[in-house]
Amino acid sequence: MTYAWKIDDGKSVNLADYDPGNTNDYHDRDAAEAALQKLSDELNELQELMSAAGHHSLLVILQGMDTSGKDGTIRHVLSHVNPQGCSVISFKEPTQEELAHDFLWRIHKAVPSKGVMGIFNRSHYEDVLIVRVHNLVPESVWSRRYKEINHFEHLLARNSTIILKFFLHVSAEEQERRLLAREQDKDKAWKLSASDWSERKYWQDYQQAYEDALTNCSTKEAPWYIVPADHKWYRNLAVAHTIVHTMRPYEKEWKTDLEIRGQKELELIKKMRA
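Residues numbered from 1 in each chain as written. Predicted model: local features only at pLDDT ≥ 70, side-chain atom pairs only at ≥ 80, totals over all residues. Heavy atoms only, no water.

Across its full length, the protein chain holds twelve helices and six strands. Relative to its length of 274 residues, the protein chain is compact, with a C-alpha radius of gyration of 20 Å against a globular reference of 19 Å. Projected onto its principal axes, the C-alpha positions of the protein chain cover 75 × 50 × 40 Å. Partitioning the intrachain contacts of the protein chain with sequence separation of at least 6 by distance along the chain shows that 81% fall at a separation of at least 24. Counting every atom, the protein chain has about 14500 Å² of accessible surface; 48% of that belongs to carbon and sulfur. For the protein chain, the separation between the mean place of its 36 positive charges and that of its 42 negative charges on side chains is 4 Å. (Helix = DSSP H or I, 4+ residues; strand = E, 2+ residues; numbered from the N terminus. Rg over C-alpha atoms; globule rule 2.2 N^0.38 Å. Contact = heavy atoms within 4.5 Å. Areas by Shrake-Rupley, 256 points an atom, 1.4 Å probe, with all protein chains shown as cover. Lys, Arg positive; Asp, Glu negative; His and termini not counted. Charge placed at Lys NZ, Arg CZ, Asp CG, Glu CD.)

What follows concerns the pattern of salt bridges. Counting across every chain of the model gives 13 salt bridges. For Arg248, the salt bridge is made with Glu42, and the minimal N-O distance between the two is 2.6 Å. Of this pair, Arg248 sits in the loop between α11 (232–247) and α12 (251–273) while Glu42 is found in helix α1 (residues 29–53), placing the two residues 206 residues apart along the sequence. By relative accessible area, Arg248 is classed as partly exposed at 33%. By sharing partners, the salt bridges in this structure join Asp66, Arg122 and Glu126 into a single network. (Salt bridge = Lys/Arg side-chain N within 4 Å of Asp/Glu carboxyl O. Buried < 20%, exposed > 50% of the residue type's maximum accessible area, 1.4 Å probe, protein only.)

Moving on: empty space enclosed by the protein. Applying the stated criterion across every chain, the model contains one cavity of 30 Å³ or more. Lining the largest cavity are Val60, Leu62, Thr73, Ile74, Val77, Leu78, Ile119, Val239 and Ile243. Within the residue set of the lining of the largest cavity, elements represented by two or more residues are β2 (57–64), α2 (70–77) and α11. In terms of residues, the lining of the largest cavity owes the most to one element, α2, which gives three residues. Looking at the lining of the largest cavity residue by residue, the class counts come to eight nonpolar, one polar and no charged. (1 Å grid on protein atoms, 1.4 Å probe; cavity = no way out; pocket = protein on both sides within 12 Å on 5 of 7 lines; lining within 4 Å. Points joined across faces, edges and corners; volume = space filled by probe spheres on them. Nonpolar A, V, L, I, M, F, W, Y, C, P; charged D, E, K, R; others polar.)

Before going further, it helps to spend a moment on α11. Taking 1.5 Å per residue, 16 residues should reach 22 Å; α11 reaches 23 Å between its end C-alpha atoms and fits that length. Burial analysis of α11 places 14 of its 16 residues in the buried class, which makes it a mostly covered element. (Expected span 1.5 Å × (residues − 1).)

The biggest cluster of nonpolar side chains holds 76 residues, and the ones touching the most others in it are Met117, Phe166 and Ile243. Here Phe166 is in contact with Val60, Ile61, Leu62, Gln63, Trp224, Tyr225, Val227, Val239, Thr242 and Ile243, once residues within four sequence places are set aside. (Core = buried A, V, L, I, M, F, W, Y, C linked by side-chain atoms within 4.5 Å.)

Take the layout of surface pockets next. There is about 230 Å³ of room inside the second largest pocket. Around the second largest pocket, the lining comprises 15 residues; the ones closest to its centre are Ile162, Ile163, Glu221, Thr246 and Tyr250. Broken down by element, the lining of the second largest pocket gets its largest block of residues, four residues, from strand β5 (residues 161–169). Among the residues forming the lining of the second largest pocket, the class breakdown is eight nonpolar, four polar and three charged.

A large share of strand β6 (residues 224–228) lies buried, amounting to five of its five residues. Burial along β6 is two-sided: the residues Trp224, Ile226 and Pro228 and Tyr225 and Val227 are all buried. Alignment of strand β1 (residues 5–6) against β6, held across two bridges, turns out to be antiparallel. Pairing of Lys6 across the sheet is with Tyr225, part of β6. Direction of pairing for β5 relative to β6: parallel, over a ladder of five bridges. Bridging across to β6, His169 finds its partner in Pro228. (Pairing = 2+ DSSP bridges.)

Even without being a glycine, Arg122 presents a positive backbone phi close to 70°. Following the sequence through the fold, Arg122 ends up in the loop between β4 (117–121) and α5 (130–133). Its relative accessible area of 21% is what places Arg122 among the partly exposed residues. Within the chain, Ser160 stands out as a residue other than glycine whose phi angle is a positive 70°. Examined against the element boundaries, Ser160 turns out to sit in the loop between α7 (145–158) and β5.

Turning to the pairing of β5, a few remarks are in order. Of all nine residues in β5, nine are buried, a share of seventy percent or more. Bridge count for β2 against β5 is eight bridges, and the pairing is parallel. Residue Gln63 lies in a different strand from β5, and its bridge partner there is Phe167.

Further remarks concern the sheet that holds β5. One open sheet holds the six strands; their spatial order is β1-β6-β5-β2-β4-β3, and the pairing between them is mixed. Each edge of the open sheet carries a strand with a single partner, namely β1 and β3 (86–90). Across the sheet, α2 is in contact with β2, β3, β4 and β5; its angle to β2 comes to roughly 145°. (Axes fitted to C-alpha atoms, helices over the stretch in contact; angles between N-to-C directions.)

Listed below in structure tokens is the structure:
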């Protein structure tokens, strides 16, 4: 079963073709959460193997409209991961120092080292999204960034970074419901800002910007996945399923390396005892 839609290299994306309320064969939230628990346990094991082997790093990029669930995905999908082998970076408005460099400078510094799982809450894609929608740079600047991003991600992949990019696809109707719910919940009121509502005016502009980013920057080495995000429980399951199924093919390599290293260590210990 495909839980999220993988965008093939060169495929033109129209977000209207993807239902943000889709849950595939899952109609029972309890069943989905039980499946998520099993995937979370496996993810924890895979992360430990990756960390110990030190051959690869994993970069997970989360993008989406406000309320699509970037924070919630991190909290629920990665709750069982060892925090010592995981980093979470949230990219805010660039500082003056960052603006004085190329747009990828601050991103490259935050890329996870080998053995580490890194999660980007927003990313370098903001430089073809918000800067485009709000005309922060000319089209001549942001339009060439698609190729620059592809070259950058190709470099990372060539250096053993496993890259997964998730667009959390929420509908305008569901976003409105979530914003209104936050207003009524005093425990979540801190999440609100006036910009949450003002940005809705640019909904179609953002949809077009995302479509172009997904179309131009989904590659074999760094694929984009569109995740139905109207149902939080399914969103979490889809992301976890994709991460685990991407890491599984490396499991044998990691285990074999650790077995060889363990055997060598035992032989060394025996020599020292002799």
